[in-house]
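Survey of secondary and tertiary structure
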Amino acid sequence: YSKLDAAWSDYKALLVGAAPSRERAPRMLQLNASVLALAHQGTVQYETVMGKPVGKLVNLAGRERMLSQRMAMLYLAAKLPVDAATASAEIEKARSEFVAGMATLHKAPENTQTIKDELQLADGQWVFFDAALKKAGSGEVAAAKPMTEVFTTSENLLTVMDHITGLYAGLKAG
């Protein structure tokens, strides 16, 4: 977490230190990846120390939440373009990870009916988000409507996954 704190400080300084610019975008993406990797490492370590199955579900649901935002960020990077080929490849990796994560969450024996219902809602939001990404990634220029669809649907998916993460965390408390 000390490494994460240092990486976050560098990232935050870049984010708030000056006006956004295309020239600073590659560094922002690098720092984002570093913060993400360190945060994930810390979460996995915490999950291991907890030693409870529900901790893994909280981590996974939270990661799904993050992946929705990561794909939207990478979409923007591809459209600017800031290393568009890498951003597109990373979207595909995140997409695959998201789909696999949802499959794992659906199979969790700890799921209550409320969690199952919310996972169904997340599936529906995923359909819209994935369609927006695919439509926007079909070679169109960075037009306002496709970008709005990507960012709106990513926020909707984030909201649902945030609620699911909270439901899993509530299982831990119960």
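Residues numbered from 1 in each chain as written. Predicted model: local features only at pLDDT ≥ 70, side-chain atom pairs only at ≥ 80, totals over all residues. Heavy atoms only, no water.

1. Brief notes about the pattern of salt bridges
This is how it is decided: Salt bridge, as used here: a side-chain nitrogen of Lys or Arg that lies within 4 Å of a carboxyl oxygen of Asp or Glu. What counts as a helix is a DSSP run of H or I of at least four residues, what counts as a strand is a run of E of at least two, and both are numbered from the N terminus. Burial classification: accessible surface area is computed with a 1.4 Å probe over protein chains only, and a residue below 20% of its type maximum counts as buried, one above 50% as exposed, and the rest as partly exposed.
All chains considered together, the criterion is met by eight salt bridges. The salt bridge partner of D130 is K134, with a shortest N-O separation of 3.1 Å. Residue D130 and its partner K134 are both found in helix α5 (residues 113-136); the two are separated by four residues, about one turn of the helix. One salt bridge in this structure joins E149 and K135, with 3.3 Å as the shortest N-O distance. Within this pair, whereas E149 is found in helix α6 (residues 144-173), its partner K135 is found in helix α5, the two being separated by 14 residues in sequence. For E149, a relative accessible area of 22% puts it in the partly exposed group. Taking the relative accessible area as the measure of exposure, K135 reaches 37% and is therefore partly exposed. Each of E92, R95, D130 and K134 takes part in salt bridges that share partners, so that together they form one network.

2. Structural notes on the packing of helix α3 (residues 53-79) against helix α4 (residues 84-107)
Note the following rule: Note on method: axes are straight lines fitted to C-alpha atoms, helices fitted across the in-contact stretch only, with angles between N-to-C directions ranging 0 to 180 degrees. Any angle between 65 and 115 degrees counts as roughly perpendicular, while under 35 counts as roughly parallel, over 145 as roughly antiparallel, and the rest as oblique. By convention the crossing between two helices is left-handed if the near helix lies anticlockwise of the far one by an angle smaller than a right angle, and right-handed if it lies clockwise. Any residue outside Ala, Val, Leu, Ile, Met, Phe, Trp, Tyr, Cys, Pro, Asp, Glu, Lys and Arg is labelled polar, Gly included; the first ten of those are nonpolar and the last four are charged.
As a packed pair, α3 and α4 sit with axes 9 Å apart at the nearest point and diverge in direction by 155°. Taken together, the axis directions place α3 and α4 in an arrangement best described as roughly antiparallel. Where α3 crosses over α4, the two elements pack in a sense that is left-handed. Of the residues assigned to the contact of α3 with α4, the class counts are 16 nonpolar, three polar and six charged.

3. Notes on helix α1 (residues 2-16)
Formally: Any helix carries an expected span of 1.5 Å times its number of residues minus one. Summarising the geometry, the arc corresponds to the directions from the helix axis toward the C-beta atoms.
Its 15 residues give α1 an end-to-end C-alpha distance of 21 Å, which sits within 8% of 21 Å, the value for a rise of 1.5 Å per residue. Where α1 is concerned, the buried positions are L4, A7, Y11 and L14. When α1 is viewed along its axis, its buried side chains cluster within an angular range of 95° and face the same direction. In α1, the exposed positions that point more than 90 degrees away from the buried face belong to S2, D5 and V16.

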